[in-house]
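Coordinates in review
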Amino acid sequence: MNSPFNKIKSSRRNLLKGSASLVFALGSGGLSILTIEQSIAQTLAEAPRAIGPENLDTWLSFDSAGRVTTYFGKMDMGQGVDTVIAQIVAEELDINVSRVSVVMGDTHRTPDQGGASGSSACRQGAIPLRNAAAEARRVLVTRAADVLGVPVEQCQVEDGTVSVSGAKDRSITYMDLIADGFDTDLDWNGNYGNSLNVSGQATPKTVDQYQVVGTGVARKDIPGKILATTEFCHHVSLPGMLHGRCIRPPVANAVPVSVDENSINPWPDARVIREGDFIAVVADTEWHAIKASQALKVNWSDTTPPFPTQEELFDYLRNAPAASDSATGGFRGTPYETAPALAAISAAAQQIEAEYEVPFQSHARMAPSMGLADVRENQALIYSDTQKSHNSRNGLAKLLGMAPEQVRVIWKPGPGSYGRSDADEAAFEAALLSKITKRPVRVQWMRQEGHAWDPKAPACVIQCKAGLDSANNIAGWYFKTRGFSGWDVYFNANDPQDTLVGQLTGYAKGDRHNFGVPGESYRFTDSVAFWETVPTLLDRASPLRTSHMRAPQEPQLHFAHESFIDEVATASGLDPIELRLSHLQDEREIAVLEAVARLSNWDSRPSPASRSEGRGEGNILRGRGVSMATSFGGFVATVCEVEVDTSTGRIWPRRFYVAHDCGLILNPRSLRTTIEGNIVQGTSRTLCEEVNFDESMVTSEDWLSYPILDVMEAPESIEIDMINRPDLPPGGAGEPSLVSVPGAIANAVFEATGVRIRRLPLTPERVKAALG
């Protein structure tokens, strides 16, 4: 398929010969690009406006020293994705991985591969890079064969040097062959986003030929982070920039009636900006912006607080009318019928019912949102740590009244972001402020904004029912989720309607609905699993708007599903793993469950254990629990061993055992640390994290009111069995193991105490109350 951007092919080739690291400076001649590592004689106006995926030069470039830069339309959220991409490219090119660098998420330099989402970087995003690198090698070796006067079959490559087999002195380097770029077309499937793919005439290597992929190459990003040389998004500044701070209402649905601009007179460099119901202060210094924003007097409208009390949240979820459901929502509806399952359960010899509650949770990033924008008459430059820079570019273009190719978003690493966090918010606010002031503007949120005003993981109530026949076989299965939509604001910022500043300046929030059901292969007689969403609590600029958080909705769903499977196992008198194995159909799910049983030395018996079986002594009770999850191309089974102190209610998940199958392992070192990070974050969400609010506003605004896992509460050990499947493509690893954590801990607590706790988080207060 031909791209509309072929006309910029030549200028892009010239740009690619330069460095991957850029800063921008404002001088008398206008906006110009300066380099940190090497010089690029390009202005922003001359830089390419979009990327044609069908051009091989889009994906790879070489510099004069023989270093390779690859251009990746996704970004790394802390798992070392750039290192794995470098390994894949180095493998196909037959070049040392140390000579490969990766540019990520720059909308003027990388194709739109959908950004970071759904553990897709390796299982989807790496495929076109692999194909492009293989095609690049084919082109270069073909050129080398022509120069050396031998058939291609007589050429060999070692670290970017092509030589004649048996005559290494007859050689030529890649750089000698690529002075004018590749000028080679690829077959493009016509898609943008996660499904974008390209291929050439070359066939990539087979797994048995791998020398670099599958090895534990050290992460490229770690030295810079340790030595404080990494430029995070929060470090970027532009000459002549203003600093901005936004003003939030004391009651969520209040709007400004009037603003007393004289109230900030003590800071003469500060000025008030108002656009619709959006209010901000800009100043020459950040401190003055902060002080003026705190001093600004705003008369807010009298309004009825929009929220129920926190104690009423789950009753609201139970009783509110349904806004959408599995049959009508999501990407495509999935019809369901509840009557057969309910009839089978009603007719069974024994009925089991349970209801599970999960509150709102916050991304609570280690640093709040930050964005830097320089908006000119016909072009805009934005720095952001967004997960989806191309989508953000599209939304920013709409907000600014520009064409997307006039907006450049440069991704820089930030303080962590898994899902639709607050990362996009400050960038959109900075862009609007820059447009109005005609100067670069840097907006950084304050701590209370990061906790109170970020999009939240949706709260839900999950109802489970099962019927057992006279032989204790499962005769019916019912799983129903009622929650706020995971798409209340969408999972990307492709439209200003999904940002606070957009909604405050006239963009009506969308009405999209999604939640989900567990995806494992359990087969139960007469079963049904479905979801319903309820109306949002506030349909404009809400601090309790909901969206994707790491492994969207999966932790909520699997906390309930895996807990209820254990409850049914207890009622059946069966070992929890035994019951799961008897109903699973997928061989890979069965394999990870059997593997974790071996890894943890699982003692097969019903739960809970009795005191005589060693459940604990004194105030300390011990238990083990199992859970599993299949999502994003990964298969995980997890066993957790906990200690519960009945005198304090403290739960310590002392040991985890994880069996993990994500297909072909690309880098075992990075995979292990990714799994460990998942387990720790999953533990925090299970034991600590809950958004507090009252009728007017979110009240958990800092680390005291929204605690996360303390290092003293972290697991003592995490043992991992990484199951390598070289016969299968790589799957996702960034999320599945997190999904398995809540169920494993909850089941272990039941095993230890004999008491089932069905509401997250499992705080000491909640544990003590349950134990009586």
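Residues numbered from 1 in each chain as written. Predicted model: local features only at pLDDT ≥ 70, side-chain atom pairs only at ≥ 80, totals over all residues. Heavy atoms only, no water.

Next up on the list: the overall build of the protein chain. Per the secondary structure count, the protein chain includes 18 helices and 31 strands. Projecting the C-alpha coordinates of the protein chain onto the three principal axes gives extents of approximately 80 × 80 × 50 Å. Here the protein chain holds 772 residues, and 61% of them are scored as buried. Excluding contacts between residues fewer than 6 apart, the proportion of contacts in the protein chain whose partners are at least 24 apart in sequence is 77%. Of the roughly 28200 Å² of accessible surface on the protein chain, a fraction of 48% belongs to carbon and sulfur atoms. (Helix = DSSP H or I, 4+ residues; strand = E, 2+ residues; numbered from the N terminus. Buried < 20%, exposed > 50% of the residue type's maximum accessible area, 1.4 Å probe, protein only. Contact = heavy atoms within 4.5 Å. Areas by Shrake-Rupley, 256 points an atom, 1.4 Å probe, with all protein chains shown as cover.)

In this model helix α15 (residues 668-687) runs 29 Å from its N-terminal to its C-terminal C-alpha over 20 residues, within 8% of the 28 Å that 1.5 Å per residue would give. Looking at α15, one finds that the buried residues are S670, L671, T674, I675, N678, I679, G682, T683, S684, R685, T686 and L687. The backbone nitrogen of R669 lies 3.0 Å from a side-chain oxygen of the residue at the head of α15, namely N667. (Expected span 1.5 Å × (residues − 1). Polar contact = N/O pair within 3.5 Å; in protein donor to acceptor, adjacent residues only side chain to side chain.)

Let's shift gears to the environment of G467. By secondary structure assignment, the location of G467 is in strand β24 (residues 460-468). Expressed as a C-alpha distance, the spacing of G467 and A343, which sit 124 residues apart in the sequence, is 9.6 Å. Excluding residues within four positions of it along the chain, G467 makes contact with I345, A348, Q350, N473, I474, A475 and G476.

Take the confidence of the model for the protein chain next. Summing up the model confidence of the protein chain, the mean pLDDT is 92 and the portion of residues at 70 or higher is 93%. Overall, residues 1-43 carries pLDDT values under 50, and its contacts beyond four positions in sequence, including any with other chains, amount to 102 contacts. (pLDDT = per-residue confidence, 0-100.)

As a further point, take the domain arrangement of the protein chain. Looking at the assigned domains, one finds that the protein chain contains domain 1 (236-303 + 364-443) and domain 2 (573-771). Domain 1 and domain 2 are separated by 39 Å when their C-alpha centres are compared. For the pair domain 1 and domain 2, the summed buried area comes to about 490 Å², and 70% of that belongs to carbon and sulfur atoms. Broken down residue by residue, the surface that domain 1 buries against domain 2 is led by A364, M366 and Y418, which jointly contribute 54%. Summed over the shared surface of domain 1 and domain 2, the number is zero salt bridges. Within the side of domain 1 that touches domain 2, the residues separate by chemical class into seven nonpolar, no polar and one charged. (Domains from an automatic or database assignment. Buried area = accessible area lost by both parts, 1.4 Å probe. Salt bridge = Lys/Arg side-chain N within 4 Å of Asp/Glu carboxyl O. Nonpolar A, V, L, I, M, F, W, Y, C, P; charged D, E, K, R; others polar.)

We now examine the packing of helix α8 (residues 389-400) against helix α9 (residues 423-437). For the pair α8 and α9, interaxial distance at closest approach is 10 Å and the crossing angle is 30°. With respect to their mutual orientation, α8 and α9 come out roughly parallel. The two elements α8 and α9 cross, and the hand of that crossing is right-handed. Counted together, S392, G395, L396, L399 and L400 of α8 and D424, A427, F428, A431, L432 and K435 of α9 form the full contact between these two elements. Of the residues that constitute the contact of α8 with α9, the class distribution is seven nonpolar, two polar and two charged. (Axes fitted to C-alpha atoms, helices over the stretch in contact; angles between N-to-C directions. Parallel < 35°, antiparallel > 145°, perpendicular 65-115°, else oblique. Left-handed = near helix turned anticlockwise from the far one by under 90°.)

Turning our attention to the environment of Q351. Structurally, the position occupied by Q351 is in strand β17 (residues 350-358). Considering only alpha carbons, one finds Q351 and K465, 114 residues apart in sequence, at a separation of 7.3 Å. In this structure Q351 touches I345, S346 and A466, once residues within four positions along its chain are discounted. Among the polar contacts listed, one links the side chain of Q351 to the backbone oxygen of S346, at a separation of 3.4 Å. Engagement of the side chain of Q351 in a polar contact is seen with the backbone oxygen of A348, the distance being 2.7 Å.

In this section: the packing of helix α12 (residues 554-572) against helix α17 (residues 741-753). Interhelical geometry of α12 versus α17 gives an angle of 35° and a closest axis separation of 8 Å. For the pair α12 and α17, the crossing hand works out as right-handed. Contact with α12, carried on its side by P555, H558, F559, E562, S563, D566 and T570, involves P742, G743, A746, N747 and F750 of α17 and no other residues of that element.

Spatial ordering of the open sheet is given by β6-β7-β8, a layout of three strands whose pairing is antiparallel. Pairing within the sheet leaves two strands with one partner each, and these edge strands are β6 (155-158) and β8 (167-173). With direction set aside, neighbouring strand axes in the sheet form an average angle of 35°. Relative to strand β7 (residues 161-164), β6 runs antiparallel, the two being bridged by four bridges. Following the sheet pairing, E158 is matched in β7 by T161. Set on the sheet, helix α3 (residues 120-148) makes contact with β6, β7 and β8; between it and β8 the angle comes to about 120°. (Pairing = 2+ DSSP bridges.)

Here we take up the pairing of strand β5 (residues 100-104). Most of β5 is tucked away: four of the five residues are buried. In the sheet, strand β4 (residues 68-72) pairs with β5 via five bridges, with the strands oriented parallel. Bridging across to β5, T70 finds its partner in V102.

Attention now goes to the environment of N299. Considering the arrangement of structural elements, one finds N299 in strand β15 (residues 297-300). The exposure class of N299 is partly exposed, given its relative accessible area of 41%. Expressed as a C-alpha distance, the spacing of N299 and V255, which sit 44 residues apart in the sequence, is 8.6 Å. Setting aside anything within four residues of it in sequence, one finds N299 in contact with V255, P256, V257 and S258.

Attention shifts here to the packing of aromatic side chains. The final tally for this structure, using the stated rule, is 18 aromatic pairs. Between F331 and F491 the ring centres are 6.2 Å apart and the planes differ by 65°, which places this aromatic pair in the edge-to-face class. Taken together, the residues span a long stretch of sequence, with F331 in the loop between β16 (324-325) and α7 (339-347) and F491 in the loop between β25 (474-484) and α11 (500-504) at a distance of 160 residues. A relative accessible area of 60% means that F331 is categorised as exposed. Over the ring of Y478 we find K465; its NZ or CZ atom is 5.3 Å from the centre of that ring. (Phe/Tyr/Trp six-rings, centres within 6.5 Å; stacked < 30°, edge-to-face > 60°. Lys NZ or Arg CZ within 6 Å of the ring centre and 35° of its normal.)

Bringing the side chain of D495 into the picture now. Its place among the elements puts D495 in the loop between β25 and α11. Residue contacts for D495: discarding those within four places in its chain leaves G395, K398 and Y507.

A word on the pattern of salt bridges. Taken as a whole and judged by the stated rule, the model has 51 salt bridges. D94 is the partner of R137 in a salt bridge, and the nearest nitrogen-oxygen pair spans 2.7 Å. Of this pair, R137 sits in helix α3 while D94 sits in the loop between α2 (81-93) and β5, and the two are 43 residues apart along the sequence. R318 is the salt-bridge partner of D315, the closest N and O atoms lying 3.0 Å from each other. Placement of both D315 and R318 in helix α6 (residues 313-319) is noted, with a separation of three residues, approximately one turn of the helix. Via salt bridges that share partners, R622, E641, E643, R654, R655 and E716 belong to a single interconnected network.

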